[in-house]
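Chain by chain, the residues run as shown.
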Amino acid sequence: MNFLSLFKRKIIFLLKKKENIDKHHFKKSTSLENLFSYYQTDKAEKYKNGKGHGFSKYYIKHVKKFADKKIKFLEIGCGEGISAAAFTKYLKKSTAYCLDVNLTNVKIRSKRIKYFGLHSSNVRQMLKFLKKSNQKKNSFNFIIDDGSHDLSDQLFSLNFFFKHLKKNSLYIIEDYKFPNYFERNFDVEELKISEIITKIKLKKYFKSKIIEKDTIKELFSSKIYQYKGNGNYSDIVFFKKG
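Figured I'd write up the structure that's included with this text. For clarity, every value in this text was computed on a predicted model and none was experimentally measured.

### Concerning the environment of Asn34
Move 1: Position of Asn34 among the secondary structure elements: in helix α2 (residues 32–38).
Move 2: Placed ten residues apart in sequence, Asn34 and Ala44 show a C-alpha to C-alpha distance of 7.9 Å.

### Notes on the pattern of salt bridges
Move 1: All told, the structure shown has six salt bridges when counted by the stated rule.
Move 2: Between Lys43 and Glu174 there is a salt bridge, with its nearest N and O atoms 3.1 Å apart. Here Glu174 lies in strand β9 (residues 165–174) and Lys43 lies in the loop between α2 and β2 (46–47), a separation of 131 residues in the sequence.
Move 3: With its nearest N and O atoms 3.1 Å apart, the salt bridge here joins Lys228 to Asp235.
Move 4: Given the relative accessible area of 39%, Lys228 is considered partly exposed.
Move 5: Via salt bridges that share partners, Lys43, Asp146 and Glu174 belong to a single interconnected network.

### Description of unusual backbone geometry
Move 1: Positive phi is not limited to glycine here, since Asn134 has a value of about 60°.
Move 2: In this structure, Asp175 is a non-glycine residue whose phi angle is positive, near 55°.
Move 3: Within the secondary structure layout, Asp175 lies in the loop between β9 and α7 (178–181).

### Considering the nonpolar core
Move 1: By size, the foremost hydrophobic cluster in this structure holds 37 residues, and its most contacted members are Tyr59, Tyr115 and Phe142.
Move 2: With six residues, helix α4 (residues 82–90) is the single largest residue contributor to this core.
Move 3: Setting aside chain neighbours within four positions, we find Phe142 in contact with Val63, Phe66, Ile71, Lys72, Phe73, Leu74, Phe87, Leu91, Leu165, Leu170 and Ile172.
Move 4: Core analysis: the second largest hydrophobic core is formed by 33 residues, Tyr97, Ile143, Phe156 and Ile224 among them.

### Some thoughts on the environment of Val123
Move 1: Along the polypeptide, Val123 turns up in helix α5 (residues 123–132).
Move 2: A relative accessible area of 41% means that Val123 is categorised as partly exposed.
Move 3: Between the C-alpha atom of Val123 and that of Leu15, which follows or precedes it by 108 residues, the distance is 27 Å.

### Regarding the environment of Leu191
Move 1: Tracing the backbone shows Leu191 in the loop between α7 and α8 (193–201).
Move 2: Separated by 16 residues in the primary sequence, Leu191 and Lys207 have C-alpha atoms spaced 8.8 Å apart.
Move 3: In contact with Leu191, not counting residues within four places along its chain, are Leu151, Leu155, Ile196, Lys199 and Phe206.

### Some words on the packing of α5 against helix α6 (residues 151–161)
Move 1: Viewed as axis vectors pointing N to C, α5 and α6 meet at an angle of 40°, and their least axial separation amounts to 12 Å. At the point where α5 passes α6, the crossing takes the right-handed sense. The segment α5 lies against α6, with Val123, Met126, Leu127, Phe129 and Leu130 engaging Phe156, Phe160 and Phe161.
Move 2: Tallied by class, the residues present in the contact of α5 with α6 amount to eight nonpolar, no polar and no charged.

### A look at a positive patch on the surface
Move 1: There is a patch of like positive charges on the surface, built from Lys10, Arg124, Lys128 and Lys132.
Move 2: It is α5 that contributes the most residues to the positive patch, three residues altogether.
Move 3: As for its position among the elements, Arg124 is in helix α5.
Move 4: For Arg124, a relative accessible area of 59% translates into the label exposed.

How each quantity is defined
- Residues numbered from 1 in each chain as written.
- Predicted model: local features only at pLDDT ≥ 70, side-chain atom pairs only at ≥ 80, totals over all residues.
- Heavy atoms only, no water.
- Helix = DSSP H or I, 4+ residues; strand = E, 2+ residues; numbered from the N terminus.
- Salt bridge = Lys/Arg side-chain N within 4 Å of Asp/Glu carboxyl O.
- Buried < 20%, exposed > 50% of the residue type's maximum accessible area, 1.4 Å probe, protein only.
- Core = buried A, V, L, I, M, F, W, Y, C linked by side-chain atoms within 4.5 Å.
- Contact = heavy atoms within 4.5 Å.
- Axes fitted to C-alpha atoms, helices over the stretch in contact; angles between N-to-C directions.
- Left-handed = near helix turned anticlockwise from the far one by under 90°.
- Nonpolar A, V, L, I, M, F, W, Y, C, P; charged D, E, K, R; others polar.
- Patch = residues over 30% accessible without salt bridge, like charges linked within 9 Å, V, L, I, M, F, W, Y side chains within 5 Å.
- Areas by Shrake-Rupley, 256 points an atom, 1.4 Å probe, with all protein chains shown as cover.
- Lys, Arg positive; Asp, Glu negative; His and termini not counted.
- Charge placed at Lys NZ, Arg CZ, Asp CG, Glu CD.

Below, the structure is given as structure tokens:
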């Protein structure tokens, strides 16, 4: 993605009318599942006229502890901004930092949602984002990778952002088995995320051209939680940083 394309998309994003969700008010007891459904994200049990991924119960299990805390989270591949909307309503003191290569799809705005148009596998753009948003190491309470699902992007993002998690925080990869299911997503000759998880659980060291040694070391000290969603291709993994 060249500079002119990103610039054009940014202009469209800035000019596009978006719904101000700061005017939306929900009862304190409103569940994350209901918020996912309200904002029509496929993370919900039901999505449009069919089944959603059904990830809400897993998110509730792991992020509920942040409900009344002032936190920051990062979403890679924010799409329309609807899942960030649901999370910021559920986690009422949170601020969302949303990355996407194409912000023209965004239809949500909020004082607590910050958007950045960039490619999450571009080191220069990532460093610029961190500087612009004043993020340092140990910045985020959880990070969600719901981007391209290409293996190269999954590995790059994991390597780049894992160090920016606070201790005992979460790195989450949605649809992490897409490179197992679809040849188009297996775009680099590296271990798949599922294979890396197996290596970690068996305490077998592995080498990678993308994931650095320091990140590998941190991954080995993490706790891993894998879950199956509603669909045949719905999988999610939570790495809890040690």
